[in-house]
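Each chain is listed here by its residues.
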There are 2 protein chains.
Amino acid sequence: MSSILKGKEVVKRVKEDIKRDIVDLNEKDIEPTLAIVRLGENPDDIAYEKSILKNCEGVGIEGKVYKKDLNISTEELINSVERLNEDDSIHGILIFRPLPKHIDEDIIAKTISPLKDVDCMNPLNLEKIFEGDMKGFAPCTPKAAVMIMDHYDIPLKGAHVVIINRSMVVGRPLSMMLLGKDSTVTICHSKTKDLKKFTNSADIIVTALGRSKYITNEYFNKESVVIDVGISFDEKGKMTGDVDFENVSPNVNAITPVPGGVGSLTTSVLLSHVVLAAKNI
Amino acid sequence: MSSILKGKEVVKRVKEDIKRDIVDLNEKDIEPTLAIVRLGENPDDIAYEKSILKNCEGVGIEGKVYKKDLNISTEELINSVERLNEDDSIHGILIFRPLPKHIDEDIIAKTISPLKDVDCMNPLNLEKIFEGDMKGFAPCTPKAAVMIMDHYDIPLKGAHVVIINRSMVVGRPLSMMLLGKDSTVTICHSKTKDLKKFTNSADIIVTALGRSKYITNEYFNKESVVIDVGISFDEKGKMTGDVDFENVSPNVNAITPVPGGVGSLTTSVLLSHVVLAAKNI
């Protein structure tokens, strides 16, 4: 019988911690506040924004949306971010990405105060993750993956973890986080030869391919722990992960579902960062 | 018959490139100059300094030593570094590490201008390596390891590379560099279970353990390419690598010697960074 590693339980615990911290902060007259900077009217951004605002309200964080024109210049956006940096009533800043091509994202990333950078965009915060320093802000998705494994007591020390993704938002930071947990880490990607050889011999497989149900039973063994970070939609328009959950889940040791797994936890990680930022002022 | 991947040939090529660049720079009245900041009189530092200065002279780089008292305060060292940052006649700054414990190394690292940071100490430069951006300065040892593999046409794309080291000066940056070369990368360390299993199934093994002759034939197969970054001394006081070179070298596909392998190349990498800094002004 395999375990289904649901995000729900972890979300509950993280939100309880957040609420407890907010009680303490409110006693000091601090109301944790997240500034969301959105350019234009991309429907995905708007949906994500709604979800964040709802979650903020649920725990007692104030969410403020700063809507900007899609054609805003890099210069103007820098000015906006600098005003948020200087505004003592704002604790965290989240800028929806990717930014339009005419904006110099590198400069914007460096402009966000490292102390308010709850989505880990500033290179100074990213470099800390490279070193394995998890005390500050970390990219939310890989952090959520680690939290879900920690919550369900998946042994990470000495475990061989195969990560299928080498991006700056998932694979690279996750590999560094797991080194800090004493895992042996293999980073695979589109140029990896014989991916199955790696996944079959691993204790834990974290996949973030973005290909619906691409990963099937032959990639795993009965002891495999499968963390599915992929978010795709199948031919019927139903949200799925990288893994063929229906067929794989009975045959592995443990697996995260999609939806309801890692992805369901990322917003809570973001909110916990807002509270951390408010505590650090 | 296995190939011995000597550093000498690579050093020769790198130095030829450096000399050619320096001719161009001299024509523009630019004399590439490296500032070496040394605290105290540590014999290892002094030996390294001598070697660097000799190498600088050999290619036409000016090396200037800034000797500081071992008890210098963080504040005073910051001031010294800032003066070097502002000095237009200085192109590269190298600070010998580790710094004494009373110095805040993080602040010093951030103080060095990213444009003069030839030893890749500033977090802004390290973060670029995390992203796999190799256009700027990179930590010299892992860069030397990659250069030696490139020079001898070791295929990296799709190759499985096992790295035995997870430090910020070797293993972590090297893993990111190799992802950029499309290798599949496994990072092993002291907590890895069954290290032999990993090394035996790899195409390339890069080791930086610092244990003299610890790695023996049973870790490799006939196709293994072995890059030995370790520097130790055996019971007779002779410099050796991690690998038992004498016994292993006939039984693998290719191997770097110690001394005369990766380590012999790092100073040339440093000098190439000084030239790069001078070209970028």
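Below: a short report on this structure. (Residues numbered from 1 in each chain as written. Chains lettered and ligands numbered in written order. Predicted model: local features only at pLDDT ≥ 70, side-chain atom pairs only at ≥ 80, totals over all residues. Heavy atoms only, no water.)

Here's the deal with the packing of aromatic side chains
Any aromatic ring pair is given by two values, namely how distant the centres are and how the planes are angled relative to each other.
Argument step 1. The tally for this structure, following the rule as stated, stands at three aromatic pairs over all chains.
Argument step 2. Seen in terms of ring centroids, phenylalanine 130 of chain A and phenylalanine 130 of chain B are 4.6 Å apart; in terms of plane orientation they differ by 5 degrees. Their pairing is stacked. Of this pair, phenylalanine 130 of chain A sits in helix H5 (residues 123-131) while phenylalanine 130 of chain B sits in helix H5 (residues 123-130), which puts the two residues in different chains.
Argument step 3. On the basis of an interplanar angle of 35 degrees and a centroid distance of 5.3 Å, the ring pair of tyrosine 48 of chain B and phenylalanine 96 of chain B is categorised as tilted. Of this pair, tyrosine 48 of chain B sits in helix H2 (residues 43-59) while phenylalanine 96 of chain B sits in the loop between strand E4 (92-95) and helix H4 (105-111); the two residues are 48 residues apart in sequence, bridging distant segments of the chain. (Phe/Tyr/Trp six-rings, centres within 6.5 Å; stacked < 30°, edge-to-face > 60°. Helix = DSSP H or I, 4+ residues; strand = E, 2+ residues; numbered from the N terminus.)

Side note on the sheet that holds strand E2 (residues 33-39) of chain B
Residue and element names in this part refer to chain B.
Argument step 1. Strands sit in the order E3-E2-E4 across an open sheet of three strands; the sheet is parallel. Two strands bound the open sheet, and with one partner strand each, they are strand E3 (62-68) and E4. Here the strands of the sheet are splayed against their neighbours by 20 degrees on average, with no regard to which way each runs.
Argument step 2. Pairing analysis gives seven bridges linking E2 to E3, with the strands arranged parallel. From the neighbouring strand, arginine 38 faces E3, where its bridge partner is lysine 67. (Pairing = 2+ DSSP bridges. Axes fitted to C-alpha atoms, helices over the stretch in contact; angles between N-to-C directions.)

Considerations on the sheet that holds strand E6 (residues 184-188) of chain B
Argument step 1. Here 12 strands make up an open sheet; going across it, the order is E1(A)-E11(A)-E8(A)-E7(A)-E5(A)-E6(A)-E6(B)-E5(B)-E7(B)-E8(B)-E11(B)-E1(B) and the pairing mixed. Looking along the sheet, the strands with just one partner apiece sit at the ends: strand E1 (3-4) of chain A together with strand E1 (3-4) of chain B.
Argument step 2. Alignment of strand E5 (residues 160-164) of chain A against strand E6 (residues 184-188) of chain A, held across five bridges, turns out to be parallel. By the bridge assignment, isoleucine 164 of chain A is partnered in E6 of chain A with cysteine 188 of chain A.

Topic: the relation of the copies chain B and chain A
Argument step 1. Turning chain B through 180 degrees and shifting it by 0.0 Å along the axis lays it on chain A, with an RMSD of 0.0 Å. The relationship between the two copies is best expressed as a two-fold rotation axis. In terms of proximity to the rotation axis, the leading residue of chain B is threonine 186 of chain B, whose C-alpha is 2.0 Å off the axis.
Argument step 2. In this assembly, 100% of the residues forming the interface of chain B have copies in chain A that are likewise at the interface, indicating an isologous arrangement. (Least-squares fit on C-alpha atoms with pLDDT ≥ 70 in both. Contact = heavy atoms within 4.5 Å.)

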